[in-house]
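Results of the structural survey
If you want the building blocks of each chain, they are given just below.
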Amino acid sequence: MSARFEEIDWRPTPMGEISLRRRRHPVSGEDVYEVKLGDEYLMSSLFTAGEVELARLGLAELPDGPLDVAVGGLGLGYTARAALDDPRVGSLIVVDALADVIDWHRRGLVPLGAGLVSDPRCRLVRGDFFAMAAGSAAAGGPVPADGPPDESAHGVAGEGGLDPESPGRRFHAILLDVDHSPRHVLHPGHAALYRREGLAALAELLLPGGVFALWSNDPPDAEFTSVLAEVFVETAAHVVDFDNPLQGGTAANTVYVARRRAG
């Protein structure tokens, strides 16, 4: 049995101090993994319904595979794992700005890490998803997971889209789970993606009929849904309810799903 509480890793990053912690649940006795950025909780293995539903809802209406999928934000890996559990998915790229998070998976420090790293369909890429989606460039270009852990700047994005090995590549689905919500972002540079111009640039990375899906910790936002509808032909905001063992009762996330015009 693990210790009651353990800080597995701690690193300074351009966005703040990030830490991976493991604690034993006082009732179930199971290990709970948590990621904090500064004093904020980013994710917990206690609450994964929203991450799983992001993949399920984002892929639900797509045709038979093989599907090419990109995920923005690795975290504890639950969205990536749910995507790979869909037998239609033929390839998966997961983009994360923090080399440390990718390293946790490569070293098997988180429960899903070994399975993601060993799956031949899955590739972890270190890069700034937001700058890559916008097509902007920074010195050095995207850095793959086995590249040098240079954290001297916020992200390491380059032009050419989300796949550094295939500039301009388009996907059947792009699933994004990085910020708390379109209004509550982790870095000011992320905000532009949630405006019309940013969403239009991201839509260009989708194949005709492709889907963009976004996780949010806030209730459905009518203003953001309206902006989505200016870019995509079909949009929906799904409320995902789940049990909250810490506070009792239930809690909710939102998953936005938007489809690019076919043809």
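Everything discussed here concerns the structure shown above.
Quick caveat, the model's predicted, so the values are computed rather than measured.

The relative placement of two packed helices is expressed as an angle between their axes plus a distance between the axes. Where helix 6 (residues 196-203) meets helix 7 (residues 222-231), the axes come as close as 9 Å, and the angle between the chain directions of the two elements is 45°. Judged by the angle between their axes, helix 6 and helix 7 are oblique. Two packed elements cross with a definite hand, and for helix 6 against helix 7 that hand is right-handed. Residue-level contacts link Arg 196, Leu 199, Ala 200 and Ala 203 of helix 6 to Phe 224, Val 227, Leu 228, Glu 230 and Val 231 of helix 7. Each residue belonging to the contact of helix 6 with helix 7 can be placed in one class, and the counts come to 7 nonpolar, no polar and 2 charged.

Now for the sheet that holds strand 2 (residues 16-24). Read from one edge to the other, the open sheet built from 4 strands follows the order 1-2-3-4, with strand pairing classed as antiparallel. Among the strands making up the open sheet, the edge pair consists of strand 1 (5-13) and strand 4 (40-44). The mean angle between the axes of side-by-side strands here comes to 20°, regardless of whether they run parallel or antiparallel. As judged from the 4 bridges shared by strand 3 (residues 31-37) and strand 4, these two strands associate in the antiparallel manner.

What follows deals with the environment of Asp 85. Locating Asp 85 in the fold gives a position in the loop between helix 2 (78-84) and strand 6 (89-96). It is 9.6 Å that separates the C-alpha atoms of Asp 85 and Arg 56, two residues lying 29 residues apart in sequence.

In this section: the nonpolar core. The nonpolar side chains of a soluble globular protein tend to be buried with one another. Core analysis: the biggest nonpolar cluster contains 40 residues, and Leu 20, Val 69, Leu 92, Val 94, Trp 104 and Leu 175 have the highest contact counts within it. Each residue touching Trp 104, except ones within four places of it in the same chain, is listed here: Asp 9, Ile 18, Ser 19, Leu 20, Val 35, Leu 109 and Val 110. The next biggest cluster of nonpolar side chains, apart from the first, holds 27 residues, and it includes Val 95, Leu 176, Leu 205 and Leu 206.

For the bond from Gly 65 to Pro 66, the omega torsion is 5°, close enough to zero to count as cis. Inspection of the secondary structure puts Pro 66 in the loop between helix 1 (49-59) and strand 5 (67-72).

Here we come to the packing of aromatic side chains. The full count for this structure, using the stated rule, is 6 aromatic pairs. Centroid distance Phe 224 to Tyr 256: 5.0 Å. Interplanar angle 80°. Geometry classified as edge-to-face. Here Phe 224, found in helix 7, pairs with Tyr 256, found in strand 12 (residues 250-259); they are 32 residues apart in sequence, far enough to count as distant. An aromatic cluster is built from Phe 129, Phe 130, Tyr 194, Phe 224 and Tyr 256, whose rings are joined through pairwise contacts. For the cation-ring pair, Lys 36 lies above Tyr 41, with the distance from its terminal atom to the ring centre recorded as 4.8 Å.

Further remarks concern the pairing of strand 9 (residues 171-176). Each regular strand carries side chains that alternate between the two faces of the sheet. A large share of strand 9 lies buried, amounting to 6 of its 6 residues. In the sheet, strand 5 pairs with strand 9 via 4 bridges, with the strands oriented parallel. The residue bridging Val 69 from the neighbouring strand is Ala 173, located in strand 9. Judged from the 5 bridges that link them, strand 9 and strand 10 (residues 206-216) form a sheet pairing that is parallel. Looking across to strand 10, one finds that Ala 173 is bridged to Val 211. Crossover strand 9 to strand 10 through helix 6 is right-handed.

Our next topic: helix 3 (residues 99-106). Burial analysis of helix 3 places 6 of its 8 residues in the buried class, which makes it a mostly covered element. Summarising the contacts, the buried residues of helix 3 are in contact with strand 1, strand 2, strand 3, strand 6, helix 4 (113-118) and strand 7 (122-126). Two residues or fewer past helix 3, Gly 108 is found with a positive phi of approximately 70°.

Criteria and cut-off values
Residues numbered from 1 in each chain as written. Predicted model: local features only at pLDDT ≥ 70, side-chain atom pairs only at ≥ 80, totals over all residues. Heavy atoms only, no water. Axes fitted to C-alpha atoms, helices over the stretch in contact; angles between N-to-C directions. Helix = DSSP H or I, 4+ residues; strand = E, 2+ residues; numbered from the N terminus. Parallel < 35°, antiparallel > 145°, perpendicular 65-115°, else oblique. Left-handed = near helix turned anticlockwise from the far one by under 90°. Contact = heavy atoms within 4.5 Å. Nonpolar A, V, L, I, M, F, W, Y, C, P; charged D, E, K, R; others polar. Pairing = 2+ DSSP bridges. Core = buried A, V, L, I, M, F, W, Y, C linked by side-chain atoms within 4.5 Å. Buried < 20%, exposed > 50% of the residue type's maximum accessible area, 1.4 Å probe, protein only. Phe/Tyr/Trp six-rings, centres within 6.5 Å; stacked < 30°, edge-to-face > 60°. Lys NZ or Arg CZ within 6 Å of the ring centre and 35° of its normal. Right-handed = clockwise from strand over helix to strand, strands pointing away.

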